[in-house]
Amino acid sequence: QVQLVESGGGLVQAGDSLRVSCAASGGTFSSYAMGWFRQAPGKEREFVAAIRRSDSNTYYADSVKGRFTISRDAAKDTVYLQMNSLKPEDTAVYYCAAGGGGGNGIRTSRRYYVWGQGTQVTVSS
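Residues numbered from 1 in each chain as written. Predicted model: local features only at pLDDT ≥ 70, side-chain atom pairs only at ≥ 80, totals over all residues. Heavy atoms only, no water.

1. Side note on the pairing of strand β7 (residues 68-73)
Rules: A pair of strands is considered paired only if DSSP assigns at least 2 bridges between the two. Where helices and strands are cited, they refer to DSSP runs of H or I of at least four residues and of E of at least two residues respectively, numbered from the N terminus.
With six bridges joining them, β7 and strand β8 (residues 78-83) adopt antiparallel strand pairing. Bridge assignment links S71 to a residue of β8, and that residue is Y80. Where β7 folds back onto β8 in an antiparallel hairpin, the turn is made up of four residues, including D77, whose phi is positive at roughly 50°.

Rendered as structure tokens:
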């Protein structure tokens, strides 16, 4: 039914900026939060950022605070992740997801129930 489609990934150099998008299709979409997660080869999937639907409160992993900004456009059913000052360690597949309810669930991948296919972000030095 509802699908999430990421776009905007690509190959950039360290220090560059990139904005990835997550568009919902299949109808209007509602969830406790929308989140971004990433997974690098050989690494666990990790929380990056999330935005709460009710009040647009935002949450960030310490590793991206001050560099990444999550935002949403409700009219377009789209969530964005603006990534600035990219570092090689940001290289990963970036996934958007819907869900995040429950205690601390907004930062927990298991609490998200709809996932996109991911978009590759590669940062070279």
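That covers the picture; the talk isn't over yet.
2. Overview of the environment of W115
Which entries qualify depends on this criterion: Remark: exposure states derive from per-residue accessible area (1.4 Å probe, protein chains only) relative to the maximum for the residue type, with buried under 20%, exposed over 50%, and partly exposed in between. Here a polar contact is recorded for every N or O atom pair within 3.5 Å, except that within protein the pair must consist of a potential hydrogen donor and a potential acceptor, and residues adjacent in sequence are included only if both atoms are side-chain atoms.
Note on placement: W115 falls in strand β10 (residues 112-115). The exposure class assigned to W115 is partly exposed, which follows from its relative accessible area of 25%. Polar contacts involving the side chain of W115 include one to the main-chain carbonyl oxygen of Y112, which spans 3.2 Å.

3. A word on the side chain of R52
Its location among the elements puts R52 in strand β5 (residues 46-52). Separated by 2.8 Å, the side chains of R52 and Y59 make a polar contact.

4. Comments concerning the packing of aromatic side chains
How we decide: Working definition: a ring pair exists when centres of Phe, Tyr or Trp rings (six-membered ring for Trp) sit within 6.5 Å. Plane angles under 30 degrees give stacked, over 60 give edge-to-face, the rest tilted. Note on geometry: a ring has a charge over it if NZ (lysine) or CZ (arginine) is within 6 Å of the ring centre and within 35 degrees of the ring normal.
One pass over the full model with this rule turns up five aromatic pairs. Relative to W115, the ring of F37 has its centre 5.1 Å away and its plane inclined at 50°; by these criteria the two rings are tilted. Taken together, the residues F37 in strand β4 (residues 33-39) and W115 in strand β10 connect sequence positions 78 residues apart. With a relative accessible area of 1%, F37 lands in the buried category. Here the aromatic rings of Y95 and W115 are separated by 6.4 Å at their centres, their planes lie at 75°, and the arrangement is edge-to-face. Of the two residues, Y95 sits in strand β9 (residues 92-99) while W115 sits in strand β10, which places them 20 residues apart along the sequence. A relative accessible area of 15% means that Y95 is categorised as buried. An aromatic cluster is built from F37, F47, Y95, Y112 and W115, whose rings are joined through pairwise contacts. Above the ring of W115, the side-chain terminus of R45 is found at 4.6 Å from the ring centroid.

5. Quick word on the pairing of β9
Within β9, eight of the eight residues are buried, leaving the element largely enclosed by the surrounding structure. Relative to strand β11 (residues 119-124), β9 runs antiparallel, the two being bridged by three bridges. Looking at the pairing, Y94 lines up with T119 of β11. Pairing geometry for β9 and β10, over three bridges, is antiparallel. Note that in β10 the partner of A98 across the bridge is V114.

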